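Examination of the molecular architecture
The residues making up each chain are set out below.
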Amino acid sequence: NKELLAKLDNYFKILTETMEIFAEAVRHVRVNGIDGHFEVLAERMHQSEHNADELRRAMEMEMYEKSLLAEFQSDFLQIIELIDRIASKGEHILYMLLLQRTEIHPCLKSDVDELVKVSIDAYRNTVEAAVNAFGDMRKVHELSRLVDNSERLGDGLERKMIKELFLEEMDTGEKILQK
């Protein structure tokens, strides 16, 4: 169904914009801390993620109404749900920073941008793999390998950051918040 695939493409575009807002917000908080502009970025991300959720629900309803093949329907729903979780997690991170007024500790600042970059790369490759999931499986396998590499890099960077954080002289509660 070309109409449904066009909606899926729009959905991915909205979520990609959402993740770009996330990256901008993290860069901003790293440099400027929690301020009014960060709050605006968190709200923009929330609205963008909400718009994607509305489109996802509309696609789900359309699929049920048109009684698409059960196998296609299941794969399609699983793909959009998994990708939606990524943006939802980003939104959660921004709100936790905002609500807890958590400033990024100086020992983490140099690695935060790299971790966000690796995460956004993994996200983009995941979306591209999803777009190709109903077609070019060679491309999907290649993109899956890139996602795995990004996840491995991100996991290593995260462990490095946690190790550095727990070597710092600060309250254990603050360490846990930073983590």
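These lines cover the structure that appears in this document, whether it is placed above or below. Quick caveat: nothing in here was measured; it's all calculated off a predicted structure.

Below, the discussion takes up the environment of Leu 167. Along the polypeptide, Leu 167 turns up in helix H5 (residues 137-167). When its relative accessible area of 65% is taken as the criterion, Leu 167 is described as exposed. With 90 residues separating them along the chain, Leu 167 and Leu 77 place their C-alpha atoms 43 Å apart.

One pass over the full model with this rule turns up one aromatic pair. Measuring from centroid to centroid gives 5.8 Å for Tyr 11 and Phe 12, while their planes differ by 50 degrees, and the two rings are tilted. Neither Tyr 11 nor Phe 12 differs from the other in exposure class; each is buried.

The contact between helix H4 (residues 106-132) and H5 brings their axes to 8 Å, and the two run at 160 degrees. As the angle between them shows, H4 and H5 are arranged roughly antiparallel. Of the two possible hands of crossing, H4 and H5 adopt the one that is left-handed. Its residues placed into classes, the contact of H4 with H5 shows 16 nonpolar, five polar and seven charged.

Another aspect to go through is the layout of surface pockets. Considered as a void within the structure, the largest pocket measures approximately 1,200 Å³ in volume. Around the largest pocket sit 35 residues that line it, and Phe 22, Ile 93, Leu 115, Glu 158 and Lys 179 are the ones nearest its centre. Secondary-structure elements contributing two or more residues to the lining of the largest pocket are helix H1 (2-32), helix H3 (70-100), H4, H5 and helix H6 (172-178). Class assignment of the residues belonging to the lining of the largest pocket gives a composition of 21 nonpolar, nine polar and five charged. By volume, the second largest pocket amounts to about 310 Å³. Around the second largest pocket, the lining comprises 14 residues; the ones closest to its centre are Ile 79, Leu 82, Ala 129, Ala 130 and Ala 133. Mapped by element, the contributors of at least two residues to the lining of the second largest pocket are H3, H4 and H5. Counting residues per element, the lining of the second largest pocket draws most heavily on H3, which supplies five residues.

Further remarks concern the pattern of salt bridges. This structure, assessed with the given rule, holds 13 salt bridges. The partner of Lys 160 in a salt bridge is Asp 111, and the shortest N-O contact between them spans 2.8 Å. With Lys 160 in helix H5 and Asp 111 in helix H4, this residue pair connects regions lying 49 residues apart in the sequence. Assessed through its relative accessible area of 38%, Lys 160 is described here as partly exposed. For Lys 117, the salt bridge goes to Asp 121, with nearest N and O atoms at 3.0 Å. Of this pair, Lys 117 and Asp 121 both sit in helix H4, four residues apart, roughly one helical turn. Asp 121 sits in the partly exposed class, given a relative accessible area of 28%. Salt bridges linked by common partners bring Asp 53, Arg 56, Glu 60, Glu 81 and Asp 84 together as one network.

Of all hydrophobic cores here, the largest spans 45 residues; its most connected members are Tyr 11, Phe 12, Phe 38, Ile 83 and Leu 94. Tallying contributions element by element places H1 first for this core, with 13 residues. Each residue touching Phe 12, except ones within four places of it in the same chain, is listed here: Ile 79, Ile 83, Tyr 123, Val 127, Ala 130 and Val 131.

How each quantity is defined
Residue positions are counted from 1 within each chain, in the order its sequence is given. With the structure being a predicted model, the display of local features is reserved for residues of pLDDT at least 70 and the display and counting of side-chain atom pairs for 80 or more, all residues being used for whole-chain, interface and lining totals. By convention in this description, side-chain values take in all heavy atoms of the structure and omit both hydrogens and water. A helix here means a DSSP run of H or I that spans at least four residues, while a strand means a run of E at least two residues long, and both kinds are numbered starting from the N terminus. Only protein chains enter the accessibility calculation, which uses a 1.4 Å probe; a residue is then buried when its area is under 20% of its type maximum, exposed when over 50%, and partly exposed in between. Pairing of aromatic rings covers Phe, Tyr and the six-membered ring of Trp, with a centre-to-centre limit of 6.5 Å; geometry is then stacked below 30 degrees between planes, edge-to-face above 60, and tilted otherwise. Axis lines are fitted to C-alpha atoms, over the contacting stretch for helices. Their N-to-C directions set the angle, which ranges from 0 to 180 degrees. Here is the rule for angles: anything less than 35 degrees is roughly parallel, anything more than 145 is roughly antiparallel, 65 through 115 is roughly perpendicular, and the remaining ranges are oblique. By definition, any crossing whose near helix is turned counterclockwise from its far helix by less than a right angle is left-handed, and any crossing with a clockwise turn is right-handed. Throughout this entry, Asp, Glu, Lys and Arg are counted as charged residues, while Ala, Val, Leu, Ile, Met, Phe, Trp, Tyr, Cys and Pro are counted as nonpolar. The remaining residues, Gly among them, count as polar. In this analysis the probe radius is 1.4 Å and the grid spacing 1 Å, with only protein atoms considered; a cavity is a set of points the probe fits into but cannot get out of, a pocket is an open set with protein on both sides within 12 Å along at least five of seven lines, and lining residues have an atom within 4 Å of a point. Grid points are joined across faces, edges and corners, and a volume is the space filled by probe spheres set on the points. Here, a salt bridge means any side-chain nitrogen of Lys or Arg that lies within 4 Å of a carboxyl oxygen of Asp or Glu. Here, nonpolar core means buried Ala, Val, Leu, Ile, Met, Phe, Trp, Tyr and Cys residues that are tied together by side-chain atoms lying within 4.5 Å of each other. In what follows, a contact means two residues having at least one pair of non-hydrogen atoms within 4.5 Å.

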